[in-house]
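# Examination of the molecular architecture
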Amino acid sequence: MNDQMMSFAAQSARFLQDVTVDCCQQYFWMTIAAGIFGFLMACGIGANDVANAFATSVSAKSVSLKQAVVIAGICEFLGAMLLGASVTSTIKGKMVDTSLYADDPGVLMYGMLTSLVAASFILGVANYLALPVSTTHTIVGSIVGFSLAAKGFSSINWMEVGKIF
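The paragraphs below set out a description of the structure included in this document. (Residues numbered from 1 in each chain as written. Predicted model: local features only at pLDDT ≥ 70, side-chain atom pairs only at ≥ 80, totals over all residues. Heavy atoms only, no water.)

## So, the overall build of the protein chain
Helix and strand counts for the protein chain stand at six helices and zero strands. Contacts spanning at least 24 positions in sequence make up 71% of the contacts within the protein chain whose residues lie at least 6 apart. Accessible surface computed for the protein chain: about 11,200 Å², of which carbon and sulfur atoms make up 69%. (Helix = DSSP H or I, 4+ residues; strand = E, 2+ residues; numbered from the N terminus. Contact = heavy atoms within 4.5 Å. Areas by Shrake-Rupley, 256 points an atom, 1.4 Å probe, with all protein chains shown as cover.)

## Some details on a nonpolar patch on the surface
On the surface, Val 70, Ile 74, Phe 77, Leu 78, Met 81, Leu 82 and Leu 83 cluster together into a nonpolar patch covering about 760 Å² of accessible area. Position of Phe 77 relative to the elements: it lies in helix H3 (residues 65–94). Given a relative accessible area of 51%, Phe 77 falls into the exposed group. (Patch = residues over 30% accessible without salt bridge, like charges linked within 9 Å, V, L, I, M, F, W, Y side chains within 5 Å. Salt bridge = Lys/Arg side-chain N within 4 Å of Asp/Glu carboxyl O. Buried < 20%, exposed > 50% of the residue type's maximum accessible area, 1.4 Å probe, protein only.)

## Regarding the packing of aromatic side chains
What describes a pair of aromatic rings is the distance from one ring centre to the other and the angle between the planes of the rings. If you walk through the whole model with that rule in mind, you get three aromatic pairs. Between Tyr 101 and Phe 146, the ring centres sit 5.9 Å apart and the planes meet at 35 degrees, which makes this aromatic pair tilted. With Tyr 101 in the loop between H3 and helix H4 (105–128) and Phe 146 in helix H5 (residues 135–151), this pair connects stretches of sequence that are 45 residues apart. Taking relative accessible area as the criterion, Tyr 101 reaches 2% and is therefore assigned buried. Overall, Phe 146 belongs to the buried group, its relative accessible area being 11%. (Phe/Tyr/Trp six-rings, centres within 6.5 Å; stacked < 30°, edge-to-face > 60°.)

## Things to note about H4
With 24 residues, H4 extends 35 Å from end C-alpha to end C-alpha; this agrees with the ideal 34 Å at 1.5 Å per step. Taken as a whole, H4 has its buried residues at Gly 106, Leu 108, Gly 111, Leu 113, Ser 115, Leu 116, Ala 119, Ser 120, Leu 123 and Ala 126. One or two steps after H4, the chain reaches Ala 130, where phi turns positive at roughly 60 degrees. (Expected span 1.5 Å × (residues − 1).)

## Describing the packing of helix H2 (residues 28–59) against H3
Where H2 contacts H3, the two axes come as close as 10 Å, and the packing angle between them is 135 degrees. Classified by the angle their axes make, H2 and H3 are oblique. Our pair here, H2 against H3, has a crossing hand that is right-handed. Counted together, Gly 46, Asp 49, Val 50, Phe 54 and Val 58 of H2 and Leu 65, Ala 68, Ile 71, Ala 72 and Glu 76 of H3 form the full contact between these two elements. Tallied by class, residues from the contact of H2 with H3 come to seven nonpolar, one polar and two charged. (Axes fitted to C-alpha atoms, helices over the stretch in contact; angles between N-to-C directions. Parallel < 35°, antiparallel > 145°, perpendicular 65-115°, else oblique. Left-handed = near helix turned anticlockwise from the far one by under 90°. Nonpolar A, V, L, I, M, F, W, Y, C, P; charged D, E, K, R; others polar.)

## Some remarks on the pattern of salt bridges
One pass over the structure, following the stated rule, counts one salt bridge. Between Lys 163 and Glu 160 there is a salt bridge, with its nearest N and O atoms 3.7 Å apart. On the criterion of helical spacing, the pair formed by Lys 163 and Glu 160 is a turn pair, its members being three residues apart in helix H6 (residues 158–164). Classification of Lys 163 by relative accessible area gives exposed; the value is 64%.

## Structural notes on unusual backbone geometry
Only a minority of non-glycine residues have a phi that is not negative, and only a minority of peptide bonds are not trans. Positive phi is not limited to glycine here, since Lys 61 has a value of about 60 degrees. Look at Ala 130: it is not a glycine, yet its phi comes out positive at around 60 degrees. When you line up the elements, Ala 130 lands in the loop between H4 and H5. Classification of Ala 130 by relative accessible area gives exposed; the value is 67%.

Laid out in structure tokens, this is it:
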């Protein structure tokens with residue numbers, strides 16, 4: 001009985017591996033790229049938010065730079081974990097009519113990835129040059145731009161976008 005269960009488990013594992021490789025391998029590079037550019041975007045958001053929130057406190061010597069970094073790290077993490085789901089749901093599905101991409105989901109995937117790449121690049125350059133920039137407007141504008149280019153004006157839920165701006 002034990003050998004049969006082991007054989008079944010091994011066959012199941014091989015089957016799942018084959019299915020995963022067949023259907024997901026062509027987009028695996030996108031997962032890696034999204035992870036890298038997501039990390040860069042998170043660094044840009046953190047740098048921008050910390051600069052906006054703590055510049056006055058640090059320059060007035062109310063808190064030291066080290067204290068500001070620790071406080072900001074805790075607050076940024078908690079904000080992302082506790083409040084990030086509602087922001088993510090708006091960005092991933094309410095601004096753009098994703099049903100228009102049902103026949104070609106690759107376009108939506110490429111579009112979201114290019115939006116992330118563009119937004120992280122813009123945010124990085126703006127932070128490097130000490131330019132004022134809105135992290136929300138950066139990613140929202142990138143997504144709206146890609147969807148306009150891919151599917152036209154009807155692909156955007158303008159009422160939802162209007163709530164953000």
